[in-house]
Amino acid sequence: MTELNRTPVPATLVAIDIAKHRHEVLIEAAGHQRRRRLTILSKKAEYDRLVEIIMAYGGPVLIDFEATGDYHCGLAYRLLSAGFELRLVSSVALARTREALHNGWDKNDPKDAQVILHMLRIGATQRCVDPLAAGINDLQELSKTHEAISKAKTETWHRILTHYLPLYFPEIERFAGNSRSDWFLALLERFPTPSSIMALDRESFMEEAWPVIGRKVSKARLLNDIYETARSSTALPVAEGSAAIAMFRMVLAEVRSLIRQRDQIEKLAHAILADHVDYQRLCTIPGIGPIHALTILAEAGDLRRFGHHRQFLKFCGLDLATCKSGTFRGRTKLSKYGNARLRRALWMAAQVAARQRDNSFRDKLGRYTERDRHDADLRRKAVTALTAKMARVVHAVIKGGAEYRPFFERPVPGGRTSLCVGREGAQATL
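This one's a predicted model, so the numbers in the text were calculated from it and none came from an experiment.

The next subject is the overall build of the protein chain. When its secondary structure is counted, the protein chain shows 18 helices and 13 strands. Its C-alpha atoms give the protein chain principal-axis dimensions of roughly 90 × 60 × 50 Å. In the protein chain, which comprises 430 residues, the share counted as buried stands at 45%. Only carbon and sulfur atoms are counted for the fraction: they give 52% of the accessible area of the protein chain, which is about 23300 Å². With 66 positive and 48 negative side-chain charges, the protein chain shows a spacing of 6 Å between the two charge centroids.

As a further point, take the packing of helix α14 (residues 309-316) against helix α17 (residues 376-400). Across the interface, α14 lies against α17 with an axial gap of 9 Å and an inter-helix angle of 125°. When the interaxial angle is binned, α14 and α17 end up oblique. The hand of the α14/α17 crossing is right-handed. On α17, the residues that touch H309, F312 and L313 of α14 are A388, A391, R392, V394 and H395. Residue composition of the contact of α14 with α17, by class: 5 nonpolar, 2 polar and 1 charged.

Counted according to the given criterion, the structure contains 27 salt bridges. In this structure, E189 engages R256 in a salt bridge whose closest nitrogen and oxygen atoms are separated by 2.8 Å. You can see E189 sitting in helix α7 (residues 182-190) and its partner R256 sitting in helix α11 (residues 243-273), a full 67 residues away along the chain. Classification of R256 as buried rests on a relative accessible area of 18%. Residue D377 is joined to R380 by a salt bridge in which the shortest nitrogen-to-oxygen separation is 2.4 Å. Taken together, the positions of D377 and R380, both in helix α17 and 3 residues apart, correspond to about one turn of that helix.

Here we come to the packing of aromatic side chains. This model, assessed by the stated rule, comprises 9 aromatic pairs. Plain terms: the ring middles of Y168 and F248 are 6.1 Å apart, the flat faces sit at 35° to each other, and that makes the pair tilted. Of this pair, Y168 sits in helix α6 (residues 137-168) while F248 is found in helix α11, placing the two residues 80 residues apart along the sequence. Of the two residues examined, Y168 and F248, each falls in the buried class. Judged by centre distance (5.7 Å) and plane angle (40°), the rings of F205 and Y227 are tilted. Taken together, the residues F205 in helix α9 (residues 202-209) and Y227 in helix α10 (residues 219-231) connect sequence positions 22 residues apart.

Core analysis: the biggest nonpolar cluster contains 44 residues, and L282, I285, I288, F312, L346, M390 and V394 have the highest contact counts within it. Residue assignment for this core shows that the elements contributing at least two residues are α6, α11, α12 (277-282), α13 (290-300), α14, α15 (340-355), α16 (360-369) and α17. Element by element, the count of residues in this core is highest for α17, at 9 residues. Among all residues touching F312, those that are not within four sequence positions of it are A300, L303, F306, L342, A391, V394 and H395. Grouped together as the second largest cluster of nonpolar side chains are 32 residues, I160, F169, F205 and V255 included.

Looking now at the confidence of the model for the protein chain. Overall, the predicted model of the protein chain reaches an average pLDDT of 87, with 92% of residues at or above 70. Note that residues 418-430 has pLDDT below 50 and, in this model, 29 contacts with residues that lie over four places away or in other chains.

Taken N-terminus to C-terminus, the directions of α15 and α16 make an angle of 85°; their axes are 7 Å apart at the nearest point. In terms of orientation, α15 lies roughly perpendicular with respect to α16. Contact residues: α15 offers A353, A354 and R355, while α16 offers F361, R362 and L365.

Of note in this structure, N103 is not a glycine but carries a positive phi near 50°. Overall, the relative accessible area of 73% leaves N103 in the exposed class. Residue K336 is not a glycine yet carries a positive backbone phi of 60°. You can see K336 is positioned in the loop between β11 (333-334) and α15.

The terminal C-alpha atoms of helix α1 (residues 44-55), which comprises 12 residues, lie 17 Å apart, in line with the 16 Å expected from a rise of 1.5 Å per residue. Packed against the buried residues of α1 are β2 (12-17), β3 (22-28), β4 (36-41), β5 (61-65) and α2 (73-81).

Quick look at the environment of A396 now. Following the sequence through the fold, A396 ends up in helix α17. For A396, a relative accessible area of 10% translates into the label buried. The sequence separation of A396 and F315 amounts to 81 residues, and the corresponding C-alpha distance is 15 Å.

Another aspect to go through is the layout of surface pockets. One number sums up the size of the largest pocket: a volume of about 1700 Å³. What lines the largest pocket is a set of 47 residues, and nearest its centre among them are L88, Q126, R127, F315 and N339. Looking at the lining of the largest pocket, the element that brings in the most residues is α6, giving 4 residues. The class makeup of the residues in the lining of the largest pocket is 21 nonpolar, 13 polar and 13 charged.

Rules and cut-offs
Residues numbered from 1 in each chain as written. Predicted model: local features only at pLDDT ≥ 70, side-chain atom pairs only at ≥ 80, totals over all residues. Heavy atoms only, no water. Helix = DSSP H or I, 4+ residues; strand = E, 2+ residues; numbered from the N terminus. Buried < 20%, exposed > 50% of the residue type's maximum accessible area, 1.4 Å probe, protein only. Areas by Shrake-Rupley, 256 points an atom, 1.4 Å probe, with all protein chains shown as cover. Lys, Arg positive; Asp, Glu negative; His and termini not counted. Charge placed at Lys NZ, Arg CZ, Asp CG, Glu CD. Axes fitted to C-alpha atoms, helices over the stretch in contact; angles between N-to-C directions. Parallel < 35°, antiparallel > 145°, perpendicular 65-115°, else oblique. Left-handed = near helix turned anticlockwise from the far one by under 90°. Contact = heavy atoms within 4.5 Å. Nonpolar A, V, L, I, M, F, W, Y, C, P; charged D, E, K, R; others polar. Salt bridge = Lys/Arg side-chain N within 4 Å of Asp/Glu carboxyl O. Phe/Tyr/Trp six-rings, centres within 6.5 Å; stacked < 30°, edge-to-face > 60°. Core = buried A, V, L, I, M, F, W, Y, C linked by side-chain atoms within 4.5 Å. pLDDT = per-residue confidence, 0-100. Expected span 1.5 Å × (residues − 1). 1 Å grid on protein atoms, 1.4 Å probe; cavity = no way out; pocket = protein on both sides within 12 Å on 5 of 7 lines; lining within 4 Å. Points joined across faces, edges and corners; volume = space filled by probe spheres on them.

Take a look at the structure:
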């Protein structure tokens, strides 16, 4: 979210164009007619040299740069440790400004440094929050690693469902359950084909598979159904010792390993955040579990810095935007100019809350879609409204310092939602 931040005058302005191995630096100091241009390598000695050069100017110093991957993190932390004030430039705003200033689309590092300096001078910058200095670096690493492992697990799980099972055991899919069913993967790893099951008699199969599937209701009936399914399977006649089945087992072992890693991260995250007050308050909101709460704290940091919930909505990209020019008026829709991971976490939390019983999110969804329950576009808009509501509730709970208090909503003629509890409860359930 680019905003106008006043630049104190006189101040030494430093613009840095970040790259992987070298950074272009442009310094404009008060009382100096010419700007100073430097090239800094990604080395500790070079960072120390840059700090000494900037300190030699004296007075207030503002440093601005465009975040490029994670290559800026080391330099940013070094500059913050030296006591300098850092600001960020939006990549989109930088591109638009460069095209407007130079009337062209060509770019290079020195030109980008000039544009960054111009944006710093006019105050079109963002706040710079260093995760290590803010104390949320561990949370961000946990959240991002969990997301990467979850994506890899989902991809591998879909590969099993759409490739391996249709070839080697298509009928077994009806016993799959959800992707957390490790017993199903363990059973497939031991019996990857119907022929591996039919090689044993019924009693021997049940005896060998009994400890594999863990604790289950009606375990004997389940194993009996699996045995009968294998008897009438249409799977390809592939030998259990073939290379194809070896690859199948390798993929099964991979997805089981990813599930164990994901569970380990979830336990570690809960252990770290168990005594965190904001984490405990977030977990009281319908639809928000440990991982969603972890993502919110990791991506948003301290929500108390947002003076109004509209600022938080804009940070998430949940603010409304309309393209208007003359008599033309486009559709009003989400801007999505914000933190995508945070927006996705709030959207998923709203989906979960809408499926739970007796909460204001489910009630709002019902009122929004009562005109036509089968209208997919109307339901999509309703879920978007629930996501914005979830963001407002999250901001209110953290900033107000009160746990979520459930209440029931009712529509009023003005179109707004009346609050059926006192002021304290209303602040945490906007």
